[in-house]
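Fold and geometry: a report
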Amino acid sequence: MPHPAPAVFAALLLAASAAGAGEIAPADRRSGFDQMGAETRAIQRDDTANPGMLAVADGAELWARPPAAGAPACADCHGADGTGLRGVAARYPAWDARSDRPIDLQDRIRQCRRDRQGAVPPAYESPDLLALTAFVALQSRGEPIRPPADPRLDRGRAEGRALFAGRMGQLGLSCAICHDDNWGRRLGAAAIPQGHPTGYPLYRLEWQGLGSLQRRLRNCMTGMRAEPFAYGSPEFVALELYLAARAAPLPVETPAVRP
Amino acid sequence: MRPRLAAGLALSLMAATARAEGGLRPYAVVGDAIPASLTGAPGDPARGRAIVADRTRGLCLLCHAGPFPEERFQGDLAPNLAGVGARRSPGALRLRLVDGRVLNPDTIMPSYYSLEGLARVGRAWRDRPILDAAEIEDVVAFLGTLRDAGTDAKP
């Protein structure tokens, strides 16, 4: 070939445009629910069979109970039955003016526990935090995810998008390789979902228990042989901001069930 | 595929550049292949088969299917490995495993014998390749035995 260099450029350009299916259009977004077996779907649909509902019941109890004598209960400020927080989970993470950063739902609850109730905030993945978060998120079940249009969230969302697209770990994979480009295919025994955060906290059969979105993300990062981000880290909140934007307008499913 | 062909040409232009990185054995890429064994010795196909089938060592069956009747769940993100030993020379298989990015910069197949360009590697996996040089040779030797796309694929 007389002009190898231009041919190489053309090849690179072609390869770049061919690589990856890219971001999923809103009309094509599907919950991981749709790819589950009929049995697992039936468990999620039936509140009397869904183990996540036990955590919701624990959450309702914590909601009504003062953390210490004389301290207000969540219910004292937000209403007895939780419906006052309807729709809240569908628009988190949101901007937190007090700490001047984006905050996710579980950190919001920890903040109220500390600042409004004067109590020790429950640890990440503790039964109390999962139960309270599940109870609050249940109030938004069926509501479409609606990320706030707040421009102060743009930076975090862009950081989350870069984390999602970037390769990491010993295997050199990215979230997007699996969840944008190869969803619907089989990774060994597992069907690859689009990777939406619609159901958290949720009951995972593999965990035999309830877990947060961050626990799920840590599982995926470990699978990539990457060093997982820490619970509550700004990186996770950034990823959650982007995940919410790429999931909208799918409905909140908490408490979901997954394999 | 046009892009691959052109990229292949580019490769032959930089043919025979020796590459070596942090503690890994040096090797020479010639065209689309690493012709010489990384260890100087041939690998063992039986050990190679065990590595390929092992989801925590080779990880191959997460993405590939292949002639492994005993493995129930195989991936469908990548070409079936049946007959790959007839399609590719041992040297081409070796380069594909060592660092497939040389062949396709956007490949999703991990580079099994490279530390280049990695970010945020988990503590347990840091500073070592996915497979060591002897394991690469075992896998190359095994893939070379997969000669028949038809019968290899049948259980």
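This structure is a prediction, so every number in the text was calculated from the model and none was measured. (Residues numbered from 1 in each chain as written. Chains lettered and ligands numbered in written order. Predicted model: local features only at pLDDT ≥ 70, side-chain atom pairs only at ≥ 80, totals over all residues. Heavy atoms only, no water.)

1. Considering the overall build of chain A
Secondary structure summary: chain A contains ten helices and seven strands in total. Against the compact-globule benchmark of 18 Å for 259 residues, chain A has a radius of gyration of 20 Å, which places it among compact chains. Each principal axis of the C-alpha atoms in chain A carries an extent, and together these give about 85 × 45 × 35 Å. Considering chain A as a whole, with its 259 residues, one finds that 50% of them fall into the buried category. Within chain A, contacts between residues at least 6 apart in sequence are counted, and of these 66% link residues at least 24 apart. A total of about 12,000 Å² of accessible surface is found on chain A, and carbon and sulfur atoms cover 58% of it. A gap of 3 Å separates the mean positions of the 30 positive and 28 negative side-chain charges of chain A. (Helix = DSSP H or I, 4+ residues; strand = E, 2+ residues; numbered from the N terminus. Rg over C-alpha atoms; globule rule 2.2 N^0.38 Å. Buried < 20%, exposed > 50% of the residue type's maximum accessible area, 1.4 Å probe, protein only. Contact = heavy atoms within 4.5 Å. Areas by Shrake-Rupley, 256 points an atom, 1.4 Å probe, with all protein chains shown as cover. Lys, Arg positive; Asp, Glu negative; His and termini not counted. Charge placed at Lys NZ, Arg CZ, Asp CG, Glu CD.)

2. Some remarks on the layout of surface pockets
Over the atoms, a rolling probe the size of a water molecule traces out where space has been left empty. Residues and elements named next belong to chain A. Quantified by volume, the second largest pocket comes out at close to 350 Å³. Along the wall of the second largest pocket there are 19 residues; nearest its centre are His78, Leu85, Arg108, Ile109 and Cys112. Counting only elements with at least two residues in the lining of the second largest pocket, the list comes to helix H4 (74-78), helix H5 (105-115) and helix H6 (127-138). Sort the elements by how many residues they give to the lining of the second largest pocket and H5 lands first, with five residues. Its residues assigned to classes, the lining of the second largest pocket shows 13 nonpolar, two polar and four charged. (1 Å grid on protein atoms, 1.4 Å probe; cavity = no way out; pocket = protein on both sides within 12 Å on 5 of 7 lines; lining within 4 Å. Points joined across faces, edges and corners; volume = space filled by probe spheres on them. Nonpolar A, V, L, I, M, F, W, Y, C, P; charged D, E, K, R; others polar.)

3. Topic: the environment of A:Pro66
Residue and element names in this part refer to chain A. Structurally, Pro66 can be placed in the loop between helix H3 (52-64) and H4. In this structure Pro66 comes out as partly exposed when scored by relative accessible area, which is 39%. Separated by 189 residues in sequence, Pro66 and Pro255 place their C-alpha atoms 24 Å apart. Each residue touching Pro66, except ones within four places of it in the same chain, is listed here: Ala71, Pro72 and Ala73.

4. Considerations on H5(A)
Every α-helix winds through 3.6 residues per turn, so residues three or four apart in the chain are directed the same way. Inspection of H5(A) places A:Leu105, A:Gln106, A:Asp107, A:Ile109, A:Arg110, A:Gln111 and A:Arg113 among the buried residues, and these make up the whole buried set. Tucked into the core, H5(A) has its buried residues touching H3, H4, strand S1 (94-96), strand S2 (101-103), H6 and helix H9 (213-223) of chain A.

5. Let's talk about the environment of A:Cys74
All names here are of chain A. One can find Cys74 in helix H4. The spatial distance from the C-alpha of Cys74 to the C-alpha of Trp63 is 5.1 Å, given a sequence separation of eleven residues. The residues touching Cys74, leaving out its near neighbours within four places in the chain, are Leu62, Trp63, Gly79, Arg113, Gln117 and Leu132.

6. Let's talk about the domain arrangement of chain A
Residue and element names in this part refer to chain A. Entries for chain A in the domain assignment read domain 1 (6-46 + 151-258) and domain 2 (52-138). Look at where the C-alpha atoms of domain 1 and domain 2 centre, and you get two points 25 Å apart. Listed by partner, the interface residues are 19 residues for domain 1 and 21 residues for domain 2. Summing both partners gives a buried area of about 1,600 Å² for domain 1 against domain 2, and 72% of it is carried by carbon and sulfur. (Domains from an automatic or database assignment. Buried area = accessible area lost by both parts, 1.4 Å probe.)

7. Here we look at empty space enclosed by the protein
Residue and element names in this part refer to chain A. Enumeration according to the criterion identifies one cavity of 30 Å³ or more in this entry. The space that makes up the largest cavity amounts to roughly 370 Å³. Elements with a minimum of two residues in the lining of the largest cavity: H5, H6, H9 and helix H10 (234-247). Considering only residue class, the lining of the largest cavity consists of 13 nonpolar, seven polar and two charged.

8. A look at unusual backbone geometry
A cis amide bond links A:Ala248 to the next residue, A:Pro249, at an omega of 5 degrees. Along the chain, the position of A:Pro249 falls in the loop between H10 and strand S7 (257-258). Following A:Thr254, the chain continues into A:Pro255 via a peptide bond in cis, with omega recorded as -5 degrees. With respect to the helices, strands and loops of the structure, A:Pro255 is situated in the loop between H10 and S7. Even without glycine at this site, B:Arg120 takes up a positive phi of about 55 degrees.

9. Thoughts on the pattern of salt bridges
As enumerated under the stated definition, the model contains 23 salt bridges over all chains in all. With its nearest N and O atoms 2.8 Å apart, the salt bridge here joins A:Glu227 to B:Arg123. Placement of A:Glu227 in the loop between H9 and H10 and of B:Arg123 in the loop between helix H5 (90-99) and helix H6 (133-144) is noted, with the two residues assigned to different chains. Given a relative accessible area of 16%, A:Glu227 falls into the buried group. Of the charged contacts, one joins B:Arg126 and A:Glu227 as a salt bridge, the two residues approaching to 3.6 Å between their closest N and O atoms. Note that B:Arg126 is positioned in the loop between H5 and H6 and A:Glu227 in the loop between H9 and H10, a pairing that runs across two chains. Among the ionic contacts, a cluster of salt bridges with common partners joins A:Arg86, A:Glu143 and A:Arg146. (Salt bridge = Lys/Arg side-chain N within 4 Å of Asp/Glu carboxyl O.)

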